Each structure stands twice: as C-alpha cells, then as structure tokens.
Amino acid sequence: MKRIVMMKRTLMVLMFLVQLICANAQKPKIADVFRTMPDSIMPYLTASSRLDLIDFKEAGMRASVNNLLEGESEMTLLTDDSLSIRMSGVLTVDMQLVGVEEPVDSSMYVVRLVRTYTINGRQTESIVDIYSTVWRPVSSERTSFSLLRRDEEVFSPRP
C-alpha cells in the first residue's frame, strides 16, 4: 500500500514539473520579441543595431550603438520580460511583456511599449502602445499621460 502511495506522489510531482517546464517554454523572452520588431515602430534603430544592443547587453558589455539621428542609444536594462533603452537625452523607450487573460495572436502575452519624452529636464510625457508579440497593435487608441502637469510649476517664476 505504501508503495502505491509513493508511486502516486512521484507521478504527481513529475506531472507538475512537466507542466511547469511547458509553461515556461511558452513564455517568450523580450529579447526575442525585440529582435523581430519592425523598423517602423522604432525608426531610430536599424535591425542590426537592435541585435547589437541585445548581444552587447547579454555579454555584459556597455550596450551602446549609433542611431539613425547620428546620436547614441544605450540599452540600460535587459531582463527576460523587460528592457529599457535611452534613445537620446530626451527619449527613453521601455518595453515589457505583460500576461493577458485571453490570448492575443495565439499568445498569452502582449508587449507594452512606453515612450517617455523629457522636456527641460522637468516635464515628462509618456505614450503607451500595446502590441501582440508579433507586433500587431492590440488597440487602436493610444494612451498618453503626463506625469507632471502642474500649472503652478510651469508658470511660476524661477528663483
């Protein structure tokens, strides 16, 4: 009887491990999604520049490339589900894989792309776009929000 109980427990543990491995195998990595990004979404970087950023960051090097505006872009963060790129002194691009309840383009994940513009070092404006992992827009509406819009700070005289 003990042997049957032990076999059942072992079988349950093995089934759990197989499910866990399958679930992790289906989750894409942000680097793979970033590699397939169309040039039209981020026109400052060519496909080879995007590949270089990923390769440099994964190698532990400073991930910096020249962009098409003759400036320097640097990948400051790369994890399995997010990345951040300082495109210029005024533009930062953040990407994150976000899980969804209903599949989008046969994936349980979408890409949240946030472009943050900094003006005069004080005001920021962020534009958020949501894409499937194959770079189809999930919603046609763009969400824009400002983190700093206080009239008293904008219009008050500086000391």
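Shown above is the structure to which this text applies.
What comes next concerns the included structure.

About the cut-offs
Residues numbered from 1 in each chain as written. Predicted model: local features only at pLDDT ≥ 70, side-chain atom pairs only at ≥ 80, totals over all residues. Heavy atoms only, no water. Helix = DSSP H or I, 4+ residues; strand = E, 2+ residues; numbered from the N terminus. Buried < 20%, exposed > 50% of the residue type's maximum accessible area, 1.4 Å probe, protein only. Areas by Shrake-Rupley, 256 points an atom, 1.4 Å probe, with all protein chains shown as cover. Expected span 1.5 Å × (residues − 1).

Another aspect to go through is the overall build of the protein chain. Counting secondary structure elements, the protein chain contains four helices and seven strands. Ordering the α and β elements of the protein chain from the N terminus gives α-α-α-β-β-β-β-β-β-β-α. Across the 159 residues of the protein chain, 28% fall into the buried class. Working note: accessible area of the protein chain is about 10900 Å², and carbon and sulfur atoms make up 57% of it.

In this structure, Ser106 takes a positive phi of about 60° despite not being glycine. Classification of Ser106 by relative accessible area gives exposed; the value is 75%. You will see that Trp135, though not glycine, has its phi angle at about 65°, which is positive. Mapped onto the elements of the fold, Trp135 is located in the loop between strand 6 (123-132) and strand 7 (143-146). Trp135 sits in the buried class, given a relative accessible area of 7%.

Here the focus is helix 3 (residues 47-58). The end-to-end C-alpha separation of helix 3 is 17 Å, in line with the 16 Å expected for 12 residues at 1.5 Å each. Residue Gly60 follows helix 3 closely and has a positive phi angle near 80°.

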